[in-house]
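Overview (structure and organization)
Here's the letter readout for the chains.
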Amino acid sequence: MNLTVKKLILATAVVFSAASLFAQSFTEAQISGKIKEKLAQMTLEEKIGMLHANGIFTSAGVARLGIPDLNSDDGPLGVREDVKPNWASAGLTTDSATFFPNGSALAATWNPALANRFGIAMGEEARARKKDIMLAPAFNITRTPLNGRTYEYYSEDPFLNAQLAVATVKGIQSQNVAACIKHYAVNNQEVDRNGVSVDLSERALREIYLPAFKAAVEEGNAWVLMSAYNKVRGEYMSENNYMLNTILKGEWKFKGLVMSDWGGTHNTINAANYGLDIEMGSRQPYNTNYFADPLLAAVKAGKVTESTIDDKVSRILWVMYHTSLSANPPAGKLNTPEHSKTVYDVASEAIVLLKNSANMLPLNTSKYKSIAIIGDNATQTFHLGGFGAGVKAKYEVTALQGLKNHIGNKIDLKFAQGYKADYKNNYPAARKEAANKPNAGLIQQAVDAAKSSDAAIVFIGGNREYETESADRKTLELPFGEQELVDAVTAANPNTIVVVVGGAPYDLGKIKQNNNTIVWSWYNGSENGNALADVLTGKINPSGKMPFTFPVKLDDSPAHALKTYPGENHKAEYKEGILVGYRWFDTKKIEPMYPFGYGLSYTNFKYAALHANKAIYKPGDKVIATLKLKNTGKFTGKEVVQLYVTKQVSKVERADKELKAFKKVAVPAGKEITVTLNLNINDLAYYDEADKKWVVEPGKYKLLVGSSSRDIRGEAEITVK
Ligand code: BGC
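Here we take up the overall build of the chain. Broken down by element type, the chain carries 21 helices and 28 strands. Rg of the C-alpha trace for the chain: 26 Å, near the compact-globule value of 27 Å for 721 residues, within the 12% margin. In terms of its C-alpha atoms, the chain occupies a principal-axis envelope of roughly 80 × 75 × 60 Å. A fraction of 77% describes how many contacts in the chain between residues 6 or more apart in sequence connect residues 24 or more apart. As displayed, the chain has an accessible area near 26800 Å², and 53% of this comes from carbon and sulfur atoms. When the 85 basic and 75 acidic side-chain charges of the chain are each reduced to a single mean position, those positions are 5 Å apart.

Spelled out as structure tokens, the structure:
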């Protein structure tokens, strides 16, 4: 090839790649030009038509101007099946999708890179299903373990939540699908969720409840946000001027659109003026919605200005130019092997090994000829159930199926149901109560199976009817007579492994005391059983860490200790302030059942001394903290190295310690690696209520590094000047 030809090819390639780059997305300047152009051609009626639902998951476009309807869908367990105008299934055969592990499972991976893959896969599925907005991720703080949505949300820690939220949002939006972060904000209980008004200190709001939302907006650049059902300081979140206009759109410069939760709008004028952009819900006829005819009337009466309406329409169009109207949106992908691999990786990194004191795990598969597989949760699926969003899973491998796939050819697996969860979220209270009675006949069958087997694995825990949106649990007790089942099976065969399936803390006190082998699994997605089998048999070394504290008893938890849950007369005063989760347990020196960040491995990690790169820092600096970490066991494994910070002398109240950095690392058996953790000095700031600003207090801080919040292995002191 001569030089001129080469040059020509090169030049053409440059032109092509520049053109394809250009075709991928419009610039912000181009987008604002397009928005202005559309707005100028729209009638007031057409604009108002875009501001409220016109279907269960849609709001209208303007066909004559080429503006499509806006399509959203739940989230967060995967792309929900399509529904008819009355919420009934649309009966399609094309809308089954991948079932993604629940929110607290994702949080238990402590792996933002995985959260990003999770987001990309979910975004691809949403794109393939022609959805512009994924109603996910959801990440309110776990304030009480009873919250019915604990399984949907991430954790009790704002830093962990923020890391995962940013990664997930970026993943979803990489597919030209908007992430809708929800439910903004301080949405921490389902009891009285449409009536409760939360009263909390500004410090708690800023330091605990808002950081993940702030990060998802400022770093994740989330395009859509859903306002929560509850009130904050007396105002519904869908009409909360301070939370929507002052903080979200003002301080954080949120450019996207705010949609109400379904049926979470209560007023026309206040909602319109105080920051809501689209009213969603299924109250029909839709023209009677607050943001339909009444809004048109309010504009005509001069109560809401047309420029306020224009701002809302502009925000919607802005989201469209990043999604459905973006220059070159990808086609999307549904139910691919890559998506299965992603949910398998999340599921297997989420599983938490709680106890292994007899080294029963990983299972020695040549030692056992027969294993009794016991419990309803061994054969349950979790993609649907309860109130709220599920997914019509293309497939879901149950625990029993997973074990059969992996060891069924060499070990005789005898299933016994043990208990039957006859429980629906909408059953009357008496019937729900009755479901907790142990079933003597099923327990006897389980005992027989356990006695005649070399070992037993008992699957207990919750399910999607028992942990659900719209209801909080009443207690932490194990339901459905599960404790009696575990006791009977363990007595029949001491080689018993307990696998608890759930998305929120339960009372495992007796099991922790009496049983030697406990594994925690989740509503763990399409690959549930395969991931679990690989963890039990040692193909995967468990690396999940608890994203919330398990209290010994409910009253040890702050909201319950201070009797501020669920509130009185529709008021919940968050008297614990910033002391939420481990911040409370550690500061008050209350021993938890399992601490935040806890989880065992089949190997051991030895932490060498922690070093900070300097002794003295100033605001804006970055601390580079390093340590050597050695895998001293026989199994390659992953460890979540957690960095907490404590300030012992301070002019304001401080939690005993706070998570400020973490890193999940893989270490081969017998090898030592160097772990580097970056910490921003600005992240040490507290929110000064009087001055309304973040303040980095000068003085000494201790950096604590450990394997959980209660297993600190090293420390270093730094000074901030
Ligand atoms: C839930 C939201 C969900 C919406 C639409 C509401 O009940 O709170 O999380 O996105 O329904 O299904």
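By nearness alone, 13 residues border the ligand, and Asp74, Arg149, His183, Asp261 and Glu469 come closest of all. Take Asp74: an N or O atom from its side chain is 2.4 Å from an oxygen atom of the ligand. Note that an oxygen atom of the ligand is positioned 3.1 Å from one of the side-chain N or O atoms of Tyr229. Expressed as a share of its isolated accessible area of 310 Å², the protein-covered part of the ligand is 94%. Of the residues belonging to the shell around the ligand, the class tally is six nonpolar, one polar and six charged.

Within the largest apolar cluster, 120 residues are counted, with the highest numbers of intra-cluster contacts made by Met50, Tyr184, Val186, Met243 and Met259. With nine residues, helix α6 (residues 158-173) is the single largest residue contributor to this core. Excluding anything up to four places from it in sequence, Met50 contacts Met42, Ser59, Ala60, Gly61, Val62, Ile67, Ile278, Val313, Ile316, Leu317 and Met320.

Overall, the coordinates contain 30 aromatic pairs when judged by the stated rule. Seen in terms of ring centroids, Tyr423 and Phe480 are 5.7 Å apart; in terms of plane orientation they differ by 65 degrees. Their pairing is edge-to-face. Of the two residues, Tyr423 sits in the loop between β13 (412-416) and α15 (429-434) while Phe480 sits in the loop between β14 (455-461) and α17 (482-492), which places them 57 residues apart along the sequence. Looking at Tyr423, the relative accessible area reads 11%, which means it is buried.

In contact at an axis separation of 6 Å, helix α5 (residues 112-128) and α6 are set at 30 degrees when each is read in the N-to-C sense. In this structure, α5 meets α6 at a crossing whose hand is right-handed. Along the contact surface, α5 presents Pro112, Ala115, Asn116, Phe118, Gly119, Ile120, Met122 and Gly123, while α6 presents Gln163, Leu164, Ala167, Thr168, Lys170, Gly171 and Ile172. Along the lines of polarity and charge, the residues of the contact of α5 with α6 split into eight nonpolar, six polar and one charged.

This part takes up helix α8 (residues 211-218). Regarding α8, the residues found buried are Ala212, Phe213, Ala215, Ala216 and Val217. Of the surrounding elements, those touching the buried residues of α8 are α6, β5 (178-184), α7 (202-209), β7 (224-227) and α9 (241-251).

Let us now look at the sheet that holds strand β6 (residues 197-199). Taken in spatial order, the four strands line up as β9-β8-β6-β17 in an open sheet, and their pairing is mixed. Each edge of the open sheet carries a strand with a single partner, namely β9 (235-236) and β17 (571-573). Examined bridge by bridge, β6 and β17 share three bridges and lie parallel to one another. Among the inter-strand pairings, Val198 is bridged to a residue of β17, identified as Ala572.

We now examine the pattern of salt bridges. Throughout the structure, instances matching the rule amount to 51 salt bridges. Residue Glu124 pairs with Lys333 through a salt bridge whose shortest N-O separation is 3.8 Å. Placement of the pair is Glu124 in helix α5 and Lys333 in the loop between α12 (306-322) and α13 (337-350), with a sequence separation of 209 residues. The class for Glu124 is buried, based on a relative accessible area of 14%. A salt bridge links Glu251 to Arg206; the shortest N-O distance between them is 2.7 Å. One end of the pair, Glu251, is in helix α9; the other, Arg206, is in helix α7, with 45 residues separating them in the sequence. Glu251 sits in the partly exposed class, given a relative accessible area of 38%.

With that settled, consider the sheet that holds strand β3 (residues 70-74). Spatial strand order, β1-β2-β3-β4-β5-β7-β10: seven strands in an open sheet with mixed pairing. Since the sheet does not close on itself, it has two edges, and those belong to β1 (53-55) and β10 (257-260), each with one partner. Bridge analysis of β7 against β10 gives four bridges, and the strand direction is parallel. Its bridge partner lying in β10, Leu225 is registered against Val258.

Glancing now at the confidence of the model for the chain. When the pLDDT values of the chain are averaged, the result is 96; 97% of them are 70 or greater. Contacts from residues 1-23, a stretch scored under 50 in pLDDT, to residues over four places away or in other chains number five contacts.

Further remarks concern unusual backbone geometry. The residue after Ala136, namely Pro137, is reached through a cis peptide bond having omega 0 degrees. Position of Pro137 among the secondary structure elements: in the loop between β4 (133-135) and α6. Here the bond from Gln284 into Pro285 is cis, since omega is 0 degrees, no more than 30 degrees from zero. Looking at where Pro285 falls in the secondary structure, it is placed in the loop between α10 (269-273) and α11 (293-300).

Let's shift gears to the pairing of β7. The side-chain alternation of β7 yields two buried faces, one formed by Val224 and Met226 and the other by Leu225 and Ser227. In terms of strand pairing, β5 meets β7 through three bridges, oriented parallel. Looking across to β7, one finds that Tyr184 is bridged to Ser227.

Further remarks concern α11. Listed as buried for α11 are Leu295, Leu296, Ala298 and Val299. Down the axis of α11, the buried side of the element spans an arc of 160 degrees, and every buried residue falls inside it. Phi turns positive, to about 80 degrees, at Gly302, one or two residues after α11.

For the rest of this paragraph, the subject is the environment of Ser72. In this structure, Ser72 sits in strand β3. Take Ser72: its relative accessible area is 4%, and that puts it in the buried class. Between the C-alpha atom of Ser72 and that of Ser557, which follows or precedes it by 485 residues, the distance is 36 Å. Excluding its chain neighbours within four sequence positions, the residues that come into contact with Ser72 are Phe57, Lys131, Ile133, Leu135, Trp262 and Met280.

What counts as what
- Residues numbered from 1 in each chain as written.
- Predicted model: local features only at pLDDT ≥ 70, side-chain atom pairs only at ≥ 80, totals over all residues.
- Heavy atoms only, no water.
- Helix = DSSP H or I, 4+ residues; strand = E, 2+ residues; numbered from the N terminus.
- Rg over C-alpha atoms; globule rule 2.2 N^0.38 Å.
- Contact = heavy atoms within 4.5 Å.
- Areas by Shrake-Rupley, 256 points an atom, 1.4 Å probe, with all protein chains shown as cover.
- Lys, Arg positive; Asp, Glu negative; His and termini not counted.
- Charge placed at Lys NZ, Arg CZ, Asp CG, Glu CD.
- Near = heavy atom within 4 Å.
- Polar contact = N/O pair within 3.5 Å; in protein donor to acceptor, adjacent residues only side chain to side chain.
- Nonpolar A, V, L, I, M, F, W, Y, C, P; charged D, E, K, R; others polar.
- Core = buried A, V, L, I, M, F, W, Y, C linked by side-chain atoms within 4.5 Å.
- Buried < 20%, exposed > 50% of the residue type's maximum accessible area, 1.4 Å probe, protein only.
- Phe/Tyr/Trp six-rings, centres within 6.5 Å; stacked < 30°, edge-to-face > 60°.
- Axes fitted to C-alpha atoms, helices over the stretch in contact; angles between N-to-C directions.
- Left-handed = near helix turned anticlockwise from the far one by under 90°.
- Pairing = 2+ DSSP bridges.
- Salt bridge = Lys/Arg side-chain N within 4 Å of Asp/Glu carboxyl O.
- pLDDT = per-residue confidence, 0-100.
- Arc of directions from axis to C-beta.

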